[in-house]
Amino acid sequence: MSTEFLPESDQASGEQASNVDVNGKKLSLAHRLYTGDISWDFIGRRKIWFALSAAMMALSIGALLIVGLRLGIEFKGGADFTAPTTVTATTVEDVRSAVVNSDVPELDSTQVTTVGNNQVRVQTRSLTAAEVTKVQGAISTQTKAAPADVTYSLIGASWGEQITGKAIQALVVFLVLVAALIWAYFRDWKMSIAALVALAHDLLLTVGIYALVGFTVTPATLIGVLTILGYSLYDTVVVFDKVRENVKGITGQKRTYTEAANTAVNQVLVRSLNTTIIGVLPVAALLFAGVFVLGSGPLEDLGLALFVGMITGAYSSIFLATPILAMLKEREPGMRKHREQLAHRESRKAARGTVSGAQAVPAGPAATLASTGARVQPARTTRANRKPQ
């Protein structure tokens, strides 16, 4: 735990501040959050987080419906050309211009990437045999390679449909296993529901960002999406594990399920932030290299999926999954009864405080009577001592 000494003037004041220990050392934020010295009401503000998540999901859905995903040839089919060449700073643009101007229509969506420093790769839409010959010749002329060295392969749309189907099957199996494993570990199906909602949220936001940015969806994208789903699940399980620890025997505690869950979120907050930052930094470097150094390719696709998914995964575990869990649990009859009992105790305590204040003893003879139990009469004067009117 990082500590910091207070000034001597503060130590000599004789008052123990809440942010220092017995030795006068300043406590870290993580320690104060874990011990409950400070606490942010994340779950109490769940309507704000729900509204924010709903807005982002609506934006993602709109991007998918209006812009749509830019699928790679692995999913929609096409032609893949490879040619040897000496890669320079203008190789990608030069080869792409040559292909677009090859008298073959509808090649504006052609993708050109470099492989190492001695090879170029060109991906186009599905081509006929005559169109393949024209594109092959254009690439050969631009790269100064022999036509026989420009290799190509044709990927049919049916193969892409099979890949898409397999990806969807893998996602469904993954979600079913996630729900079963969380229920088996925590013995609470409500935790499974909350975790699945968070996973769907992360998946939709990641895919929506892909549609907005216009990156190509490739097999590397699928790898990234499945990876961030696992990361998001891990972050959510860490929070839920702390929630389970805090709510053990909740009916015997002087706090509600929501308050105990909110304490758990505060206790793991710093850990979640540190884990996310440490994980995002190398992914950001990967994304930077894919976008600005290599131009395009698997690093770009994989980096974007990981970058967006890791951030949304950390967000959903704190601001979405746990509030949803608390909302579901508070609807249980046992939790309702527990809240009513706590409210009844608070009302009785407040009533006792009001009665005690109303029965405060006034000053004067009445105070003497209350303290001694004897009645005190006021002093009387004799007739001789009375002054004439």
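A few points on the structure. In this text the structure is predicted, and so the values were computed from the model without any measurement.

Quick notes on the overall build of the protein
When you go through the protein residue by residue, the secondary structure sums to 13 helices and eight strands. As displayed, the protein has an accessible area near 22,400 Å², and 61% of this comes from carbon and sulfur atoms.

Some details on the packing of helix H8 (residues 189-213) against helix H11 (residues 298-329)
Packed helices, taken two at a time, are described by the angle their axes make and the gap between the axes. In the contact formed by H8 and H11, the axes pass within 7 Å of each other and the chain directions differ by 145°. In the packing of H8 onto H11, the handedness of the crossing is right-handed. Split into classes, the residues belonging to the contact of H8 with H11 amount to 19 nonpolar, six polar and five charged.

A short note on the pattern of salt bridges
Tallied over the entire structure, the rule returns eight salt bridges. As a salt-bridge pair, Arg-244 and Asp-241 come within 2.9 Å of each other at their nearest N and O atoms. Placement of the pair is Arg-244 and Asp-241 together in helix H9 (residues 219-246), with a separation of three residues, close to one helical turn. Notably, a salt bridge pairs Lys-329 with Glu-332, separated by 3.0 Å at the nearest N-O pair. What makes Lys-329 buried here is its relative accessible area of 12%. Looking at Glu-332, the relative accessible area reads 21%, which means it is partly exposed. Via salt bridges that share partners, Asp-188, Lys-190, Lys-329 and Glu-332 belong to a single interconnected network.

A look at the nonpolar core
Formed by 50 residues in total, the largest nonpolar core has its most connected members in Phe-42, Ile-182, Met-191, Phe-240, Val-243, Tyr-257 and Leu-325. Of all the elements in the fold, those that place two or more residues in this core are helix H7 (157-186), H8, H9, helix H10 (257-293) and H11. Counting residues per element, this core draws most heavily on H11, at 14 residues. Not counting residues up to four positions away in its chain, the partners in contact with Val-243 are Tyr-257, Ala-261, Ala-264, Thr-322 and Leu-325.

Focus on unusual backbone geometry
At Asp-103, a position not held by glycine, the phi torsion is positive, near 65°. Here Asp-103 shows up in the loop between helix H5 (91-100) and strand E5 (111-114). Phi at Glu-106 is positive, roughly 60°, even though this residue is not glycine. Within the secondary structure, Glu-106 is located in the loop between H5 and E5. Note on Glu-106: relative accessible area 63%, which makes it exposed.

Some words on H11
Between its first and last C-alpha, H11 extends 43 Å over 32 residues, near the 46 Å set by a 1.5 Å rise per residue. Of all the bends in H11, the greatest measures close to 45° and is centred on Ser-316. Of all the 32 residues making up H11, 26 are buried; the element is thus mostly covered by neighbouring parts of the structure.

What counts, and where the lines are drawn
- Every chain is numbered on its own, with residues counted from 1 as its sequence reads.
- Restriction of local features to residues with pLDDT of at least 70 applies here, the model being predicted, together with a cutoff of 80 or more for giving and counting side-chain atom pairs; totals for whole chains, interfaces and linings are based on all residues.
- Hydrogens and water are ignored here; the side-chain numbers use all heavy atoms of the structure.
- Only runs of H or I of at least four residues qualify as helices and only runs of E of at least two qualify as strands under DSSP, and these elements are numbered from the N terminus.
- A 1.4 Å probe and the Shrake-Rupley method give the accessible areas. Residues count as covered only by the protein chains that appear here.
- The convention used is that axes are lines fitted to C-alpha atoms, helices contributing only their stretch in contact, and that angles between N-to-C directions extend from 0 to 180 degrees.
- By definition, any crossing whose near helix is turned counterclockwise from its far helix by less than a right angle is left-handed, and any crossing with a clockwise turn is right-handed.
- In this count, Pro and Cys sit with the nonpolar residues alongside Ala, Val, Leu, Ile, Met, Phe, Trp and Tyr, while Asp, Glu, Lys and Arg are called charged and the others, Gly among them, polar.
- Each reported salt bridge corresponds to a side-chain nitrogen of Lys or Arg within 4 Å of a carboxyl oxygen of Asp or Glu.
- Buried means the residue's accessible area, taken with a 1.4 Å probe over protein chains only, is under 20% of the maximum for its type, while exposed means over 50%, and partly exposed covers the values in between.
- Within this scheme, the nonpolar core is defined by two criteria: the residues are buried Ala, Val, Leu, Ile, Met, Phe, Trp, Tyr or Cys, and they are joined through side-chain atoms within 4.5 Å.
- Any two residues having at least one pair of non-hydrogen atoms within 4.5 Å are treated as being in contact.
- By this rule, a helix spans an expected 1.5 Å times one less than how many residues it contains.
- Here the bend at a residue means the angle between the axes of two seven-residue stretches, the one that ends at it and the one that starts at it.

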